[in-house]
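Structure assessment
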Amino acid sequence: MEKQAVRVVLEQIAASLALKGDNPFRIRAFENAARAIAGYPGDLAEALRTGALAEVEGVGKGTLEIVRELLSRGRSSVLDELREEVPPGLVDMLKIPGLGVQKVRQIHEHLRIATLAELEVAARDGRLAAIPRFGAKTAENVLKGIAFLKRSTEFRLFHHALAEATSVQQALATLPGVARVEIAGSVRRRREVIRDLDFVVVHAGSGTRETLVRQLGEVPGAPVDVVLATPDDLGLAWVRATGAAAHWEELRARGLDVAGRFPDEESVYRALGLAWIPPELREGAGECDAAAAGTLPRLIEARDVKGFVHCHSNYSDGTATIAEWAEAANGAGYEWIGLSDHSQSAPFAMGLRPDAIGRQHAEIDRVNAEVPGIRVLKGVESDILADGRLDYDPATLDRFDFVIGSIHSRFGLDQTEMTKRVLTAMDDPHLAILGHPTGRLLLSREPYPLDLEAVFRKAAERGIAIEVNADPHRLDLDWRLVRRARALGVRFSIGPDAHSVAGMANMEFGLGIARKGWLEATDVWNTLSADDFLDAARRRLP
Ligand SMILES: [Zn+2]
Ligand SMILES: [Zn+2]
């Protein structure tokens, strides 16, 4: 369980206590704890084990106990008990801008409602506006707030959905009569956010979909959709349950015989004269035409990847030492990695001071001499300052093997200013990679306004790579834009943006997005040898 999930639980506890009218100091303590946990730079499980978490300001004994419980069994008994007294729907209502504790209590008392769905109805039919001092304006704002909340609560991040889908798959596989279970739907297509989990189940007995779903029992999390298939029509069922609606319609328009016998997916596409289409591409965005013309990309695969850049060590806000990074990447089969700690002005203030650069580089040299089989490159994730300058002087930037430039502050600039800022940074010959180029945080922060066409054109012109940031909260650049940038000749770097060696696993999510963006191995710097990567990172075209 991650920090953000722990934060949400602590916030829900605070909100439930507030709705109950509990002691304000106790409420404040949980709010502070939520902030402290969310901002804690290290690994939670490790900090709990070593006792470091107990030292963090704002984290008291009660919070430690909650964190321990969440990490070990994924639930909090404190929150579970509060939910008996305070309907969770009321806590959800607090997230609507303009609805504080007093208003939510009034709603509960006057209208006897306890869910967002009921609140939406009441806001539409005039009951909400009729509560003393509410009025039509409040009702209107509530409707707007619900629309926003719906999107962020109906959808979940890909990595959470994948974990849920995998456990549901395992549960389905143990049910009587089940011969095979396959994940389908948007999880299989590797969308960045997911609403439902879809499965195709081959059932040997006489079971129906309804009995299967009943046997599965209640599944926490996303809605589950199961399609039953026989070995004879598994291929057809799987294609149908995987593709976006537009993909399926396209197959139908090409004359797909839905009564045919299709034991595997290849046979479905073959019947239409098409090559098998990788699931990531089945969005109804030209993939069938490409399959018909024989121009489908040979998508990048994990085995094409030789190395990656964009990870943080304990020289900035990462937890691992350089030697730990080298060992872990070596163990995972990479040939090279590029460390990129934050630069001096990083607002979270743990960036590399110029005097630490020499020490870090000496340590990297030592590790390179001691750990065989892996090469550690010396990089930096330099802030792009508000005026577009990189965060060190040219002589300091010269000391690094490669420079990633990223924006971490002043997100509020308008599109003209933001575009100028990024294009100015791209004029600096040190800049090799533009990190998390739109700044979006999935389901929580919109991208900043940026003329991406201009950025892509300049990147292609100058030989600067655009990052596919593989942190599942970012997945930035978006796959739809990856495809556009590729068409303009841009190259890419898949970066895990890892702050611990466990974060190396992000690479899988970045690869999924690269594939969704139609990228081939040759489009991506990660497939180069270390020397060729360094050449690409240093070669700037005028
Ligand atoms: Zn960053
Ligand atoms: Zn980073």
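As for the sheet that holds strand β4 (residues 197-203)
Read across the sheet, three strands follow the order β2-β4-β5 without closing on themselves; strand pairing throughout is mixed. Looking at the sheet topology across the chains shown, the edges are occupied by β2 (178-184) and β5 (224-229). Here the average twist between neighbouring strands, direction ignored, is 25 degrees. By the bridge criterion, six bridges tie β4 to β5 in an arrangement that is parallel. Of the residues in β5, the one forming a bridge with D198 is D225. Sheet strands touched by helix α13 (residues 234-242): β2, β4 and β5. Its angle to β2, the strand with the most contacts, is close to 30 degrees.

Here we look at the pairing of strand β8 (residues 375-383)
Counting buried positions along β8 yields eight of nine residues, so the element is predominantly enclosed. For strand β7 (residues 336-342) and β8, the ladder comprises seven bridges, and the chain directions are parallel. Residue pairing in the sheet places G338 in a bridge with L377 of β8. Bridging between β8 and strand β9 (residues 402-406) involves five bridges; their strand directions are parallel. Pairing of V380 across the sheet is with V403, part of β9.

Examining unusual backbone geometry
Here the residue pair D476 and L477 is connected by a cis peptide bond, since its omega of 25 degrees sits within 30 degrees of zero. With respect to the element layout, L477 can be found in the loop between β11 (465-469) and α22 (479-487). Non-glycine residue R133 carries a positive phi angle of around 65 degrees. With respect to the secondary-structure elements, R133 resides in the loop between α8 (116-124) and α9 (135-154). We classify R133 as exposed; its relative accessible area is 75%. At W518, a position not held by glycine, the phi torsion is positive, near 65 degrees. Its place among the elements puts W518 in the loop between α23 (507-516) and α24 (530-538). On the accessibility criterion, W518 (10% relative accessible area) is buried.

Cut-off values and rules
Residues numbered from 1 in each chain as written. Chains lettered and ligands numbered in written order. Predicted model: local features only at pLDDT ≥ 70, side-chain atom pairs only at ≥ 80, totals over all residues. Heavy atoms only, no water. Pairing = 2+ DSSP bridges. Helix = DSSP H or I, 4+ residues; strand = E, 2+ residues; numbered from the N terminus. Axes fitted to C-alpha atoms, helices over the stretch in contact; angles between N-to-C directions. Contact = heavy atoms within 4.5 Å. Buried < 20%, exposed > 50% of the residue type's maximum accessible area, 1.4 Å probe, protein only.

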